[in-house]
Structures are given as structure tokens and as C-alpha cells.
Amino acid sequence: MPYLVAAVVLVGALCAVNLLLTLAVIRRLREHSARLDADRPARPPLVTAGTALPEFASAASDGTELSREFFTGPTLVGMFSTTCSACHERLPEFTAKARSLGPGRALAVVVDDQRDAGAFAAALTPVATLAVEPPDGPLAKAFQVTFFPAFYLVDDRAVIKAAALTPDELPLPAHT
């Protein structure tokens, strides 16, 4: 019987020590989370309005040449990645906005290592000029994309008029 009491006391003491260590780890994790949140910007950085796009050369999936001259009027630009869950969520918003602008007024860029845009191509091809490129492609570099999705309104001089995290935040012109 004394062995049983000693074993129960030992197990109880080990559980108490384990609980104290767990509480200490939780406190440290909260401190680290607070430090990380303080270091992280509130919004991811976007290219600022008024920034002119640098010279670039690319091609759309249908063979259309893409360069600064592609922008002949206000153009909605959407930057997507096939590995981004938020991109899949924002896809319907982008297609609705692109459809409302009319033909030739939207450019969709899908960044994919495998060059397999799949579901994106099916949804975007009817409403926008589609370009599929690798992560370090010319369009991603021109728009200085560091995260996905990102949306831009570009004028006829290839100057970014607005940048946003959702298509709904952009001041889009009415369909003409």
C-alpha cells in the first residue's frame, strides 16, 4: 500500500510540473505572437497610385503581345496564384468586375510554376486577357507583386491609378 501512495504522489507531482511548464510555454508563445504582430504591416505593401509601369514584354495565352502599349484605356488588372486560397475566393469578384467593364478592359495574370492555370483559365478567358507566367515573370516584376491576390487599375499611359486587395476597392469606370 505505501508503494501505491508513493506512486500516486509522484504522478501528481509530475502532472503539476507538466502543467506549470505548459503554462510557461503558452505565456511565451503569446509574447512572441505579440512581437510578430507588431512587426507585421497592417496591410501588405502595394505599388502606390501614380507609379508608371516599367517597360516589359510578355504574351497572353491567346498570343496577344503584352507591354506598356497594351493599356489603351482604363484597365482592370488582377494578379492571381494557383496556390493561393484567397485568389480562388476573389476570382468571382474579379470576373464580375471584368464582365461589367466590357471586352478588352481587363487583364488577368495567373502565376503558376507548372503553367497550368486550369480553373483560373476557364473562368478568366471569357472576360479578360489571360497571361500565365512563372513567379518571376515580366508582369509580376512590372507590378512588383509580393503577395496574391492583388488588383490594379491602370490608365492608358500605363500608370497605376489605384491598387487594392479586392476588386471591389478599386474606383472602376463605368462600361462604355
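Structure's up top.
Please provide a residue-by-residue account of the side chain of threonine 75, values included.
Note on placement: threonine 75 falls in strand β3 (residues 75-81). Within polar-contact distance, the side chain of threonine 75 engages the backbone oxygen of glycine 73 at 2.8 Å. Apart from residues no more than four positions distant in its own chain, threonine 75 is found in contact with Phe70, Arg105, Ala106, Leu107, Tyr152, Leu153 and Val154.

Kindly report on the pairing of strand β5 (residues 129-133), identifying the contributing residues and their values.
Buried residues dominate β5, accounting for five of its five residues. The alternating pattern of β5 places Thr129, Ala131 and Glu133 on one face and Leu130 and Val132 on the opposite face, and all of these are buried. As paired elements, strand β4 (residues 106-111) and β5 share five bridges and run parallel to each other. Across the sheet, residue alanine 108 finds its bridge partner in β5, namely leucine 130.

Could you give an account of the nonpolar core, with specific residues and numbers?
In this structure, Phe71, Met79, Phe143 and Tyr152 are the most contacted members of the largest nonpolar core, which totals 23 residues. Every element with two or more residues in this core is listed here: β3, β4, α4 (138-142) and β6 (150-154). Ignoring anything within four residues of it in the chain, the contact list for tyrosine 152 reads Leu46, Val47, Thr75, Leu76, Val77, Met79, Phe143, Val145, Ile160, Ala162, Ala163 and Leu170. If you look at the next biggest cluster of nonpolar residues, it comprises 22 residues, including Leu91, Leu124, Ala128 and Val132.

Tell me what's going on with the sheet that holds β3, and back it up with residues and numbers.
Pairing within the open sheet is mixed, and its five strands lie in the order β5-β4-β3-β6-β7. Edge positions in the open sheet fall to β5 and β7 (160-164), since each of these has one partner strand only. Taken over all neighbouring pairs, the strand axes of this sheet differ in orientation by 20° on average, direction set aside. On top of the sheet, helix α2 (residues 85-101) reaches β3, β4 and β6; it is set at about 160° to β3, its chief contact.

Talk me through the packing of aromatic side chains; I want residue IDs and the actual numbers.
Taken as a whole and judged by the stated rule, the model has six aromatic pairs. Taking 5.3 Å as the distance between ring centres and 80° as the angle between the ring planes, the aromatic pair formed by phenylalanine 80 and phenylalanine 94 counts as edge-to-face. Highlighted residues: phenylalanine 80 in strand β3 and phenylalanine 94 in helix α2, separated in sequence by 14 residues. Here phenylalanine 80 and phenylalanine 94 have matching classes, each one buried.

Give me the lowdown on the environment of phenylalanine 94, citing residues and values where you can.
Overall, the relative accessible area of 0% leaves phenylalanine 94 in the buried class. Sequence spacing of phenylalanine 94 and aspartate 168 is 74 residues, and the spatial spacing of their C-alpha atoms is 8.3 Å. Ignoring anything within four residues of it in the chain, the contact list for phenylalanine 94 reads Leu76, Val77, Gly78, Phe80, Ala106, Leu107, Ala108, Leu124, Ala128, Phe151 and Pro167.

Conventions we followed
The residue numbering used here restarts from 1 in each chain and proceeds along that chain's sequence as written. Only residues with pLDDT of at least 70 get local features here, since the model is predicted, and only at 80 or more are side-chain atom pairs given and counted; chain-wide, interface and lining totals rely on the full set of residues. Side-chain calculation: all heavy atoms of the structure are included, whereas hydrogens and water are not. Each helix is a run of DSSP H or I of at least 4 residues and each strand a run of E of at least 2, with the numbering of both proceeding from the N terminus. Here a polar contact means two N or O atoms within 3.5 Å. Within protein one must be a hydrogen donor candidate and the other an acceptor candidate, and residues neighboring in sequence count only if both atoms are side-chain atoms. Whether two residues are in contact is decided by their heavy atoms, any of which lying within 4.5 Å being enough. Burial here depends on accessible area, computed with a 1.4 Å probe over protein chains only, as a share of the maximum for the residue type. Under 20% is buried, over 50% is exposed, and the range in between is partly exposed. Strand pairing requires that DSSP identify at least two bridges connecting the strands. Buried Ala, Val, Leu, Ile, Met, Phe, Trp, Tyr and Cys residues form a nonpolar core when they are joined through side-chain atoms within 4.5 Å. Between N-to-C directions, angles span 0 to 180 degrees; the directions come from axes that are lines fitted to C-alpha atoms, helices contributing only their stretch in contact. Planes of paired rings set the category: under 30 degrees apart is stacked, over 60 is edge-to-face and the rest tilted, where pairs are Phe, Tyr or Trp rings (Trp by its six-membered ring) whose centres lie within 6.5 Å.

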